[in-house]
Amino acid sequence: MKEKVDALRTKFQADLQAVSDKAGLEELRLSFMSKKGAIQDLMKELSQIPNDQKKDAGQLINMFKQEVAKHFDERKKELDALEEKRLIESSESYDESMPTESPVGSYHPITLIQRELEDIFKSMGFDVEDYNEIVDDYNCFEALNIPKFHPARDMQDTYYLSTNNQLLKSHTSAAQNTIMRKYGDKLKKNGRPIRAVFPGRCFRNEAIDSCHDNTFFQMEGVMIDENISISNLIYFMKTMLSEVFEKDVTVRLRPGFFPFVEPGFELDIQCLICGGDGCPSCKGSGWLELCPCGMIHPNVLKHGGINTEEDPFKYTGFAFGLGLTRLAMMKYGVKDIRIFNEGDINALSQFESK
Ligand code: DAH
């Protein structure tokens, strides 16, 4: 049997080298490996071999079979690579009838609104900052006056990483501490007020429906200096929103609770559709809730290194957390929040910058 296997191996090696395309390789594979192939013929011959030699002979054939299968695979890969190379180098892969102008994409509605807001804030002297999506517990909660086990954490359940106590940020407020530390020196040494906005993607463990998604966008803003008051807050918000909606908007503040501001507010704008009379868009109230905000809590300023123990009220500031996703829905009349993350080009390409 050994001689027979050796002879077949020699033939196989020669045949394999001679094969130059995949069709030829398949033909060769069938002539060796199929039910009517050469290896099966060897198997049949086993019955004529004396019993005490059967085991060794069977093993020999099986090993040969495995060897042949391995060589086929290798040769197939070689031929595939050759084929690909030939195709790339030949003109077959080049379609002259293809239109030269491929369709260009469009900006995502969140990008549009974000850039518009950035321009407005830049014109008012604000810096635009970028920030991480993965943050730690300190920045997302502790530095914002939300200690461990504080009930305010319940409203911001998010996604936790299994390492290093990290999480996906549940709000852009998570960047406040970093911004204060970045610009604090210039404020204290040069008297340059901190004015910064920081847009970003936020995550929450939400049940998803047309108004809630687990991924959404906010734009946070802070202004810190000596003598900053609620009037400054109202002025900046009103100016910014009038620009966004391209008309003079009327705003009002209602009390709102957020541990990182004191006092905290919900800022509403008068409904732009009915002008305050009440309509389905504003659910008959005449007002639309738009932007939570408030005067930055002294503890948060202390965490950010802005005020010291000796002079804990030297600097004051306001902060706001604008829902970019919500604003985009209002501005573009989007009824279902899910389109922002679904990546449906038809749905997303309808929006245009003004
Ligand atoms: N971070 C808050 C949230 O996502 C929103 C917020 C409220 C931001 C009040 C602020 C603020 O800056 O002053 O629910």
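Throughout this description, residue numbers start from 1 for each chain and increase along the sequence as written. This being a predicted model, a pLDDT of at least 70 is required before a residue's local features are given, and a value of 80 or more before pairs of side-chain atoms are given or counted; all residues contribute to the totals for chains, interfaces and linings. Calculation of side-chain values draws on the structure's entire complement of heavy atoms; hydrogens and water are dropped beforehand.

Novice: Help me out: how do you make sense of the overall build of the protein chain in this one?
Specialist: Looking only at helices and strands, the protein chain has 12 helices and 9 strands in total. Only C-alpha atoms enter the radius of gyration; for comparison, a globular chain is expected to reach 2.2 Å times N to the power 0.38, where N is the number of residues. For 354 residues, the compact-globule formula gives about 20 Å, and the C-alpha radius of gyration of the protein chain, at 35 Å, lies well above that figure. Taken over the C-alpha atoms alone, the protein chain extends approximately 105 × 55 × 45 Å along its principal axes. With a 1.4 Å probe rolled over the protein chains alone, any residue whose accessible area is under 20% of its type maximum counts as buried; one over 50% counts as exposed, and the rest are partly exposed. Relative to its full complement of 354 residues, the protein chain shows a buried share of 42%. Restricting to contacts in the protein chain with at least 6 residues of sequence separation, those with at least 24 account for 66%. Summing over all exposed atoms, the protein chain offers an accessible surface of approximately 20,300 Å²; the carbon and sulfur share of this is 51%. Only DSSP runs of H or I reaching four residues or more are called helices, and only runs of E reaching two or more are called strands; each is numbered from the N terminus. In what follows, a contact means two residues having at least one pair of non-hydrogen atoms within 4.5 Å. Here the open area of atoms and residues is found with the Shrake-Rupley method and a 1.4 Å probe, where only the protein chains shown may cover a residue.

Novice: Looking at this structure, how should I read the state of the cysteines?
Specialist: The disulfide criterion used throughout: a pair of cysteine sulfur atoms within 2.5 Å. Taken as a whole and assessed by the stated rule, the structure comprises 0 disulfides. You can see Cys 274 has no disulfide; the closest cysteine sulfur is in Cys 271, sitting 3.7 Å from it. Among the cysteines around Cys 282, which has no disulfide bond, Cys 274 carries the closest sulfur, lying 3.7 Å off.

Novice: Explanation requested: the sheet that holds strand 5 (residues 215-225) in the structure shown.
Specialist: Backbone hydrogen bonds hold the strands of a sheet together, and the pairing may be parallel or antiparallel. Criterion used throughout: strands pair if DSSP finds at least two bridges between them. Read across the open sheet, the 7 strands follow the order 1-4-5-9-8-7-6; overall the sheet is mixed. Each having just a single partner strand, strand 1 (127-128) and strand 6 (251-255) make up the two edges of the open sheet. Two elements, strand 4 (residues 194-203) and strand 5, share 10 bridges in a ladder whose sense is antiparallel. When the sheet's bridge partners are listed, Arg 201 is paired in strand 5 with Phe 217. Between N-to-C directions, angles cover 0 to 180 degrees, with each direction set by a line fitted to C-alpha atoms, over the stretch in contact for helices. Packed onto the sheet, helix 7 (residues 176-190) meets strand 1, strand 4, strand 5, strand 8 (287-296) and strand 9 (316-323) and runs at close to 165° relative to strand 4. This element, helix 8 (residues 230-245), spans strand 5, strand 6, strand 7 (261-270), strand 8 and strand 9 of the sheet and lies at about 30° to strand 7.

Novice: Explanation requested: the environment of His 212 in the structure shown.
Specialist: Residue placement: His 212 occurs in the loop between strand 4 and strand 5. For His 212 and Met 223, which are 11 residues apart along the polypeptide, the C-alpha to C-alpha distance reads 29 Å.

Novice: Explain the domain arrangement of the protein chain to me, please; I cannot follow it from the model alone.
Specialist: Reports often express the size of an interface as the amount of accessible area lost when the parts come together. Segmentation into domains, and thus their bounds, comes from an automatic or database assignment. According to the domain assignment, the protein chain contains domain 1 (2-90) and domain 2 (109-348). With centres defined by C-alpha atoms, the gap from domain 1 to domain 2 works out at 69 Å.

Novice: Can you walk me through the packing of helix 2 (residues 22-33) against helix 3 (residues 38-45) in this structure?
Specialist: The description of two packed helices rests on the angle between their axes and on the distance between the axes. Contact geometry of helix 2 with helix 3 gives a least axis separation of 4 Å together with a crossing angle of 5°. In terms of orientation, helix 2 and helix 3 fall into the roughly parallel class. Residue-level inspection shows Ser 31, Phe 32 and Met 33 of helix 2 in contact with helix 3, the latter providing Ala 38, Ile 39 and Gln 40. Across the contact of helix 2 with helix 3, the residue classes break down as 4 nonpolar, 2 polar and no charged. For this classification, under 35 degrees means roughly parallel, over 145 means roughly antiparallel, 65 to 115 means roughly perpendicular, and everything else is oblique. Ten residue types, Ala, Val, Leu, Ile, Met, Phe, Trp, Tyr, Cys and Pro, are classed as nonpolar, four, Asp, Glu, Lys and Arg, as charged, and the remainder, Gly among them, as polar.

Novice: Help me out: how do you make sense of the side chain of Asn 139 in this one?
Specialist: With respect to the element layout, Asn 139 can be found in helix 6 (residues 137-140). Using a relative accessible area of 13% as the deciding quantity, one classes Asn 139 as buried. Other than its neighbours up to four places away in sequence, Asn 139 contacts Tyr 131, Leu 144, Ser 173, Ala 174, Asn 177 and Thr 178.

Novice: Which parts of the structure should I look at to understand the pairing of strand 8?
Specialist: Consecutive residues of a regular strand have side chains that alternate between opposite faces of the sheet. Here strand 8 lies mainly inside the structure; 8 of its 10 residues are buried. Across 3 bridges, the pairing between strand 8 and strand 9 is antiparallel. Residue pairing for strand 9: Met 295 is matched across the bridge by Phe 318.

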